[in-house]
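Each chain, letter by letter, is given below.
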Amino acid sequence: MKKIAYLHTPIGLTELIEEDGALHGLSFVKFQKHPEDPSMTLQEAKWQLEAYFAGSRKSFNLPLHFACSTFYKEIYASLMNVPYGSTLSYKELATLAGSPDASRAVGTALSHNPFPIIVPCHRVLKSDGGLGSYSAADGVKSKQWLIDHEKAFLH
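Everything in this summary refers to the structure shown in the same document. Chains are numbered independently. Their residues run from 1 in the order of the written sequence. The predicted origin of the model limits local features to residues at a pLDDT of at least 70 and limits the giving and counting of side-chain atom pairs to 80 or more, whereas totals for whole chains, interfaces and linings rest on all residues. Excluding hydrogens and water, the side-chain figures rest on all heavy atoms present in the structure.

On to the pairing of strand β2 (residues 12–19). Burial within β2 is extensive, with six of its eight residues counted as buried. Connecting strand β1 (residues 3–9) to the antiparallel partner β2 that follows it, the hairpin turn spans two residues. At least two DSSP bridges between two strands are needed for those strands to be called paired. Put simply, DSSP marks the helices as runs of H or I at least four residues long and the strands as runs of E at least two long, and each gets a number from the N terminus on. Across seven bridges, β2 lies against strand β3 (residues 22–29) in antiparallel orientation. Looking across to β3, one finds that E15 is bridged to S27. When a residue's accessible area, from a 1.4 Å probe over protein chains only, is under 20% of the maximum for its type it is buried; when over 50% it is exposed; and in between it is partly exposed.

Put into structure tokens, the structure is as follows:
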């Protein structure tokens, strides 16, 4: 059964969806659309996200359910290995995932990332160092905030 929880973050309200003990999505929303029905998995996700935003957590350890292609899963898995506070280009991520000529496809995969922040697509920049796009409420402003946030807490 699907359960939902919400978390206010510095870059907007997030909606977390869990089913069968795994997260199925994290998205940015303008308002709470459903009543909360938190589970242990959702509570853990909220704690880990709160710790991330407080600067005391640099990675996540949550059960994630990816309903996507093998290619997308490879992109997300490679991205989760990019160190906290680091950035890379779409091309570099494509190379890490074993598809060096798939920069555009990487961009498409990231635009469908079901777990922004947890799968840190904000760490991926254009080859010229430009921000590209981001799915949070304030788009690239939120992406820049996340990059700056991580750099501020590097030790």
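Side-chain atoms within 4.5 Å link the members of a nonpolar core, which is a set of buried Ala, Val, Leu, Ile, Met, Phe, Trp, Tyr and Cys residues. Among the nonpolar cores identified, the biggest contains 38 residues, and L110 and I117 are the most heavily contacted of them. Every element with two or more residues in this core is listed here: β1, β3, α1 (40–54), α2 (70–79), α3 (90–96) and α4 (103–111). In terms of residues, this core owes the most to one element, α1, which gives five residues. A contact between two residues is defined here by any heavy atoms of the two lying within 4.5 Å. Contacts of I117, omitting those with residues within four sequence positions, involve I11, F28, L49, Y52, F53, F60, H122, Y134 and L146.

Considering only enclosed or pocket space, the largest pocket measures out at about 190 Å³ in volume. The distinction between a cavity and a pocket rests on a 1 Å grid over the protein atoms alone: a 1.4 Å probe fits inside a cavity but cannot get out, while a pocket stays open yet meets protein on both sides within 12 Å along at least five of seven lines, and a residue with an atom within 4 Å of a point counts as lining. Lining the largest pocket are Y90, G107, L110, S111, N113, P116, C121, V124, S133, Y134, S135 and K143. Looking at the lining of the largest pocket element by element, the count peaks at three residues for α4. Residues are sorted three ways: Asp, Glu, Lys and Arg are charged, Ala, Val, Leu, Ile, Met, Phe, Trp, Tyr, Cys and Pro are nonpolar, and all the rest, Gly among them, are polar. Class assignment for the residues of the lining of the largest pocket results in six nonpolar, five polar and one charged. Grid points are joined across faces, edges and corners, and a volume is the space filled by probe spheres set on the points.

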